[in-house]
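Remarks on the overall topology
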Amino acid sequence: VRGSETLDMLQAMNTGHEGSLTTIHANTPRDCLGRLETLVMTAGVELPHRAIREQISSAFDLLVQITRLVDGSRKISHITEVLRMESEVITLQDIFHAKPPDEETAASGPSRLLSPLLCTGLKPHFLDKMAAHGVALSPSFFNEELSSYRSNLAVANFGGFS
């Protein structure tokens, strides 16, 4: 979404159009929320900021951040759950994240631009909703130690120059 249609999208997502998917340009999951709020304001409808944030927090379960790296490749860097409103702020929880290499890792071997996706060890709150739709994940899927089969997500290429 890029403009005033963002308000229509939020209203649709909050009135029974579950399973919706959209793309928005932002640098981080947190920036995505601010950008959504700004785009809703372009619709010309006077809504309080809190009402916009409540619409956003109830419409989205998950944000998947794809980051463009310096080599032009795009990699998943965050899989973040949208939780709820706390005071005036939408609470986010990283489920998986990838990090740029630290100085020690970069000096010790061939340079990677981003680590494999690492599990934070936090289980998402929407697992019951997924199970009700026929998607059941093993509880071990979210263990920090078991990252071998998930690492392919972090190195997957999304339209880069490789």
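Residues numbered from 1 in each chain as written. Predicted model: local features only at pLDDT ≥ 70, side-chain atom pairs only at ≥ 80, totals over all residues. Heavy atoms only, no water.

1. Remarks on the pairing of strand 2 (residues 74-86)
Relative to strand 2, strand 1 (residues 62-68) runs antiparallel, the two sharing 7 bridges. Its bridge partner being in strand 2, Arg-68 is matched across the sheet by Arg-74. Between strand 1 and strand 2, which pair antiparallel and follow one another directly, the connecting turn spans 5 residues, one of which, Gly-72, has a positive phi of 95°. Summarising the sheet, strand 2 and strand 3 (residues 89-97) pair through 7 bridges and their orientation is antiparallel. Within strand 3, the position partnered with Val-82 by the bridge is Leu-92. (Pairing = 2+ DSSP bridges. Helix = DSSP H or I, 4+ residues; strand = E, 2+ residues; numbered from the N terminus.)

2. Some words on unusual backbone geometry
A positive phi is found at Ser-87, a non-glycine position, where the angle reads about 60°. Within the element layout of this structure, Ser-87 appears in the loop between strand 2 and strand 3. The exposed category is assigned to Ser-87, whose relative accessible area is 57%. (Buried < 20%, exposed > 50% of the residue type's maximum accessible area, 1.4 Å probe, protein only.)

3. Structural notes on the packing of helix 2 (residues 29-41) against helix 3 (residues 49-59)
Their axes nearest at 10 Å, the elements helix 2 and helix 3 cross at an angle of 120°. With respect to each other, helix 2 and helix 3 are oriented oblique. Crossing angle aside, the handedness with which helix 2 passes helix 3 is right-handed. For the pair helix 2 and helix 3, contact is made by Leu-33, Leu-36, Glu-37, Val-40 and Met-41 and by His-49, Ile-52, Arg-53 and Ile-56, respectively. Residue composition of the contact of helix 2 with helix 3, by class: 6 nonpolar, 1 polar and 2 charged. (Axes fitted to C-alpha atoms, helices over the stretch in contact; angles between N-to-C directions. Parallel < 35°, antiparallel > 145°, perpendicular 65-115°, else oblique. Left-handed = near helix turned anticlockwise from the far one by under 90°. Contact = heavy atoms within 4.5 Å. Nonpolar A, V, L, I, M, F, W, Y, C, P; charged D, E, K, R; others polar.)

4. Remarks on the side chain of Glu-81
Its location among the elements puts Glu-81 in strand 2. Here Glu-81 sits buried without a salt bridge, and the closest side chain of opposite charge, Arg-84, lies 7.7 Å off (N-O distance). For Glu-81, the residues in contact, after removing those within four places along its chain, are Asp-61, Leu-62, Thr-91, Leu-92, Gln-93, Ile-95, Lys-123, Pro-124, His-125 and Phe-126. (Lys, Arg positive; Asp, Glu negative; His and termini not counted. Salt bridge = Lys/Arg side-chain N within 4 Å of Asp/Glu carboxyl O.)

Take it as geometry only, folks, not as evidence of what the structure does.
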